[in-house]
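Examining the three-dimensional arrangement
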Amino acid sequence: MANMLYFMGFLALSCSLALASDPSPLQDFCVAAPNGQVFVNGQFCKDPKQVTENDFFFSGLNKPGNTANPLGSKVTPVNVAQIPGLNTLGISAARIDFAPYGLNPPHIHPRGTEILTVLEGTLFVGFVTSNTENRLVTKVLQKGDVFVFPQGLIHFQRNAGYGNAVAIAALSSQNPGLIIVANSVFGSKPPIADDVLAKAFQVDKSVVDHLQSQFWMDN
């Protein structure tokens, strides 16, 4: 019950994120239509007469994600891909599960600000401001604490406790996007030339080659 109260309070707080960078709706709703034949900025609208309650519904956010991976974390997204009714509404959510010392690695949401609430455990979180200051802003969060990650800034969350941790995030976009820094830099396809990365990071090319040979996973 306590977790549910935290979650309901969190959803109420996240409603302020609806004034987002996504296009504002010009009708009650614009449920995303699957399998559109033309690419648009967002999704085509489904015929309102064919819209059902399931277009606004997602089940399963109460189920823990599988954290048995090298990062020790699992993100369960709830965006327009899972709830078509989110199209044009400028909001989405995610559940993040952490094993002990699990990490949601440094990443960016290019199209959305994130507000995170801890439901269980203790998280060490932070973000880095933009050039040229590059200031690291960090905080240790306990159950019930809330933290904001501004749009487009590199940020992370790490489980700082001995047990499992759970957090819920709301984001100010139906599709906030995700760029995991390590994956993008060292796991791009095709790879970035090792001499480019060696010069950028001021390391030997053998270090870059080793990093590029690793398996860069998404969580």
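Just so you know, these numbers come straight off a predicted model, no measurement behind them. (Residues numbered from 1 in each chain as written. Predicted model: local features only at pLDDT ≥ 70, side-chain atom pairs only at ≥ 80, totals over all residues. Heavy atoms only, no water.)

**Thoughts on a nonpolar patch on the surface**
Taken together, the side chains of Phe201, Val203 and Val207 present a nonpolar region at the surface, about 230 Å² in accessible area. As for its position among the elements, Phe201 is in helix α3 (residues 194-201). By relative accessible area, Phe201 is classed as partly exposed at 46%. (Patch = residues over 30% accessible without salt bridge, like charges linked within 9 Å, V, L, I, M, F, W, Y side chains within 5 Å. Areas by Shrake-Rupley, 256 points an atom, 1.4 Å probe, with all protein chains shown as cover. Salt bridge = Lys/Arg side-chain N within 4 Å of Asp/Glu carboxyl O. Helix = DSSP H or I, 4+ residues; strand = E, 2+ residues; numbered from the N terminus. Buried < 20%, exposed > 50% of the residue type's maximum accessible area, 1.4 Å probe, protein only.)

**Side note on the sheet that holds strand β9 (residues 165-171)**
Strand order in the open sheet made by the five strands is β1-β2-β9-β4-β7, with antiparallel pairing throughout. Whereas interior strands pair on both sides, the edge strands pair on one side only; in this sheet they are β1 (73-78) and β7 (146-149). Ignoring strand direction, the axes of neighbouring strands in this sheet form an average angle of 20 degrees. In terms of strand pairing, β1 meets strand β2 (residues 92-98) through six bridges, oriented antiparallel. Within β2, the residue paired with Ser73 across the bridge is Phe98. (Pairing = 2+ DSSP bridges. Axes fitted to C-alpha atoms, helices over the stretch in contact; angles between N-to-C directions.)

**Focus: the pairing of β7**
Side chains of β7 alternate between two faces, with Phe147 and Phe149 buried and Val146 and Val148 left unburied. Looking at chain direction, strand β4 (residues 114-120) and β7 are connected through four bridges and run antiparallel. Along β7, the bridge assignment pairs Ile115 with Val148.

**Side note on the UniProt feature "binding site: Mn(2+)" (unreviewed entry) in the protein**
Within the UniProt annotation, "binding site: Mn(2+)" (unreviewed entry) is assigned to His107, His109, Glu114 and His155. Over a stretch of 49 residues, the named residues converge on one spot in the fold, their C-alpha atoms separated by at most 11.7 Å. Overall, Glu114 belongs to the buried group, its relative accessible area being 2%. Ignoring sequence-local partners within four residues, the contact set of Glu114 consists of Ile96, His107, His109, Phe147, Val148, Phe149, His155, Gln157, Ala169, Ala170 and Leu171. (UniProt positions renumbered as here; feature names shortened; annotations may be inferred. Contact = heavy atoms within 4.5 Å.)

**Comments concerning the pattern of salt bridges**
Tallied over the full model, the rule gives four salt bridges. Across the pair Arg95 and Asp97 runs a salt bridge, and its minimum N-O distance is 2.8 Å. Taken as a pair, Arg95 and Asp97 share a single burial class, namely buried. In this structure, Lys143 and Glu120 form a salt bridge, with 3.5 Å as the shortest nitrogen-oxygen distance. In this pair, Lys143 is assigned in the loop between β6 (136-141) and β7 and Glu120 in strand β4, connecting sequence segments 23 residues apart. A relative accessible area of 36% places Lys143 in the partly exposed class. What makes Glu120 partly exposed here is its relative accessible area of 31%.

**Comments concerning the nonpolar core**
Ranked by size, the top nonpolar core spans 15 residues in total, and within it Leu116, Leu123, Val125, Phe127, Leu141, Phe147 and Phe149 carry the most contacts. Listing elements by their share of this core, those giving two or more residues are β2, β4, β5 (123-128), β6, β7 and β9. Those residues in contact with Leu141, other than ones at most four positions away along the chain, are Leu116, Val118, Gly121, Thr122, Leu123, Val125 and Phe147. The next biggest cluster of nonpolar side chains, apart from the first, holds 11 residues, and it includes Ala32, Leu61, Leu86 and Ile168. (Core = buried A, V, L, I, M, F, W, Y, C linked by side-chain atoms within 4.5 Å.)

**A closer look at the state of the cysteines**
Following the criterion strictly, the structure yields one disulfide and no others. With its sulfur 1.8 Å from that of its partner, Cys30 forms a disulfide with Cys45. Every disulfide takes its handedness from the sign of the S-S torsion; for Cys30 and Cys45 that torsion is -100 degrees, giving left-handed. Of this pair, Cys30 sits in the loop between α1 (2-14) and β1 while Cys45 sits in the loop between α1 and β1, placing them 15 residues apart in sequence. On the basis of relative accessible area, Cys45 is assigned to the partly exposed category, the value being 43%. (Disulfide = S-S within 2.5 Å.)

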